[in-house]
Every structure is written in structure tokens, then in C-alpha cells.
Amino acid sequence: MIIDFHAHITAPAIIKQRDEYLVRDAWFRDLYANPRARLSSIEDLLAAMDRASVQQAVVFGFGWRDMDLCCQDNDYVIEAVERYPERLIGFAIVNPGSGAAAVREIERCAKAGLRGVGELMPDGQGYRIDDEKTMAPIVEVAADHDMVLLTHCSEPVGHLYPGKGTVTPDEVIRFARLFPEATLVCAHWGGGAIFYELMPEVSRVMSNVYYDTAASLYLYQDDIFSLAARWAPGKVLFATDFPLITQERFIPRLRAARMPAATLRRILGGNAWRVLKLGTSVG
Ligand SMILES: [Zn+2]
């Protein structure tokens, strides 16, 4: 069973009127002003999953600053999971900076069957993930509905690229200290936070933190797969950042990593199964 933990889908209305949305959201413009940056529909994603024998994917829209746009994207994700409940697991996009409106939207999405909140985009949306006042209501409502949180993260070093932000390992570790019970998935290896799990005092704090491999092919040498699997085999979640990278391109690179077959199975799907509590019904 292969689960891609990080795939973006975009409603056809937004794909068609891309230029209009480039004006409406500065972070979206940073990422998608380049016409070569792809946007994909539900059908595009399912076709790509089929080509790579990927059974399931965690899907979400874009982390808009404007809550109305978040709701619009969530409607499309809700439609996706209603149409393909066996294939797609939906997460809700919200801007935690909008307070009660974000909490209400998470509740609406939970009732509609979504299983997590994310991808949070603190830089584009205008808050910090280690700001207790902003994040406490989000963490609380997510916990009430047994939802996972997923945040965009970036490396504090290295090359610049569109979307490189300030959610770096120190910030993620502060979040985990503030909310030790919250299940948090850090995208893009937590901007390197996974390396600090080698410090015992950090790994103690991070017991409910997981790391996805989204966009890894653009960030790290493939050695990272087998290295991280040595000390965090239960914490690594295969993820592409589709449509940025297809499953068909990513999976052979992961399979080529030297690690025990059982560990590879956990990374490709077993860990996701456990984090999302698949196989149990969530009310
Ligand atoms: Zn991201």
C-alpha cells in the first residue's frame, strides 16, 4: 500500500483564471507566476497515481491568506473525497490568523470527512506557527476532531527558491514544546528538523512530530532517505508535493535507497496509515 502524504489539487475554475488569483494572493503569485509551475485537478492526480500504482493520497488546496479562498478550495477537496473515498484523504486549508472563522471552517470540513488541517503556509498567510495565541484554537479544534496538522517548512540555509519561508527547525521545535500532544506533520523534512531528532532532548519533545519527503528531490541528495530511516524509521512519510514532482518520478528514487524492505514499506505507506488512523472510523 503506497500513500502519497502531500499532493495539491486545484479547482478547474482557479486553473482557468490563474491570472486573477495571481493578483489576489501574493504567496500564490510567488509560487505560480511562472507559467511552468503546474496546477492539477483531481483527475490529473488520479491519473498520475495510477501510473505509479499509488493507492491513496493526502490532498489539499493552496494555503490562501483569504479565508473565502480557503473555503472555496476546501469545497473542491470535499468533493474529491466524496467522489473517491478509497483513493483520497482530504485536509482542510485555513488561515489560523483569522481566528474564529478558521475554527468554524475546520469544524465544517471535519463534518464533511476531512482528516487533517494543512498545508499551513505561515509565511504567505501572515502568522507564526510558534505563536501560542494564534495556534492554540487551531490545535484544540483539530484535536477535538482527531485531525492531523501539516505545515510547510523550509531550510534555514541553502539555495533560495519560490516558497522558501521562515518555518525552520527552531520554530517547529518551539511549536512541539508548546503543543506536545498535537500530531504535526512537517513538510519537506521539517526544513531539516529531522536531523535534530538525534539530540535526545529534542526527540523527546518531538514524539508526535512526523516528516514528509515532499519536494525532497529538489532539496537534498537521495542519501537522506536511508540516513533518516536509520534513526526515524517510524516518522518518515513518503510525499511528493504533486504536481511539482510526480509519484512516477519520485518512487524509483526512494526504492533505490538502501534500507530494509520493512522500513521502506513503512515509509511508503505504513507510517501514514498509522498517523491517519486509517482503518478506524473517526467521528
Ligand atoms: Zn510545502
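Here the residue numbering is sequential within each chain, running from 1 through the sequence in written order. Local features in a predicted model are, by the rule used here, given only for residues with pLDDT of at least 70; side-chain atom pairs are given and counted only at 80 or more, and totals for whole chains, interfaces and linings are based on all residues. For the side-chain quantities, the full set of heavy atoms in the structure was used; hydrogens and water were omitted.

K.L.:
Describe in detail the pattern of salt bridges, supporting the description with residues and values.
P.N.:
The term salt bridge refers to a side-chain nitrogen of Lys or Arg lying within 4 Å of a carboxyl oxygen of Asp or Glu. All chains considered together, the criterion is met by 14 salt bridges. Salt-bridge contacts for R83 lead to E43; the nearest nitrogen and oxygen are separated by 2.7 Å. With R83 in helix 5 (residues 67-83) and E43 in helix 4 (residues 42-51), the pair connects residues that are 40 residues apart, well separated along the chain. Judged by its relative accessible area of 40%, R83 falls in the partly exposed class. Among the ionic pairs, E155 bridges to K164, the shortest N-O distance being 3.4 Å. When sorted by exposure, E155 lands in the same class as K164, which is buried. Every helix listed is a DSSP run of H or I at least four residues long, and every strand listed is a run of E at least two residues long, numbered separately from the N terminus. Here the term buried applies to any residue with accessible area under 20% of the maximum for its type, exposed to any over 50%, and partly exposed to those in between, with areas from a 1.4 Å probe on protein chains only.

K.L.:
Would you mind going over the coordination of the zinc ion in detail, with residue names and values included?
P.N.:
Note that water is not among the atoms considered, so a metal site may appear incomplete; the donors listed are N, O and S atoms within 2.8 Å of the metal, with 3.2 Å applied to Na, K and Ca. Around the zinc ion, the protein contributes the donor atoms E119 (OE), H152 (ND1) and H188 (NE2), which lie 1.8 to 2.2 Å from the metal centre. Each donor residue of the zinc ion belongs to the same chain, and together they define the spacing E-x32-H-x35-H. Highlighted residues: E119 in strand 4 (residues 116-120) and H188 in the loop between strand 6 (184-186) and helix 10 (193-196), separated in sequence by 69 residues. H188 shares its class with E119; the two are buried.

K.L.:
I'd like a description of the side chain of T168, backed by residues and values.
P.N.:
Locating T168 in the fold gives a position in the loop between strand 5 (148-151) and helix 9 (169-178). A residue is classified by how much of its surface remains accessible, and T168, at 11% relative accessible area, is buried. Here a residue-residue contact requires only that any non-hydrogen atoms of the pair lie within 4.5 Å. Setting aside residues no more than four positions away along its own chain, T168 makes contact with S154, E155, P156 and G190.

K.L.:
Kindly report on a nonpolar patch on the surface, identifying the contributing residues and their values.
P.N.:
A cluster of nonpolar side chains, contributed by F195, Y196 and M199, occupies part of the molecular surface with about 270 Å² of accessible area. Residue position: F195 is located in helix 10. F195 gets classed as partly exposed once you look at its relative accessible area, which sits at 34%. Residues form patches when they are more than 30% accessible in relative terms and have no salt bridge. Like charges link within 9 Å. Nonpolar side chains (Val, Leu, Ile, Met, Phe, Trp, Tyr) link within 5 Å. Computed with a 1.4 Å probe, the accessible areas rest on the Shrake-Rupley method; for each residue, only the protein chains presented here act as cover.

K.L.:
Can you break down the state of the cysteines residue by residue, with the values?
P.N.:
Throughout, disulfides are identified as pairs of cysteine sulfur atoms within 2.5 Å of each other. The final tally for this structure, using the stated rule, is 0 disulfides. As a non-bridged cysteine, C71 has C70 as the owner of its nearest cysteine sulfur, 6.6 Å distant.

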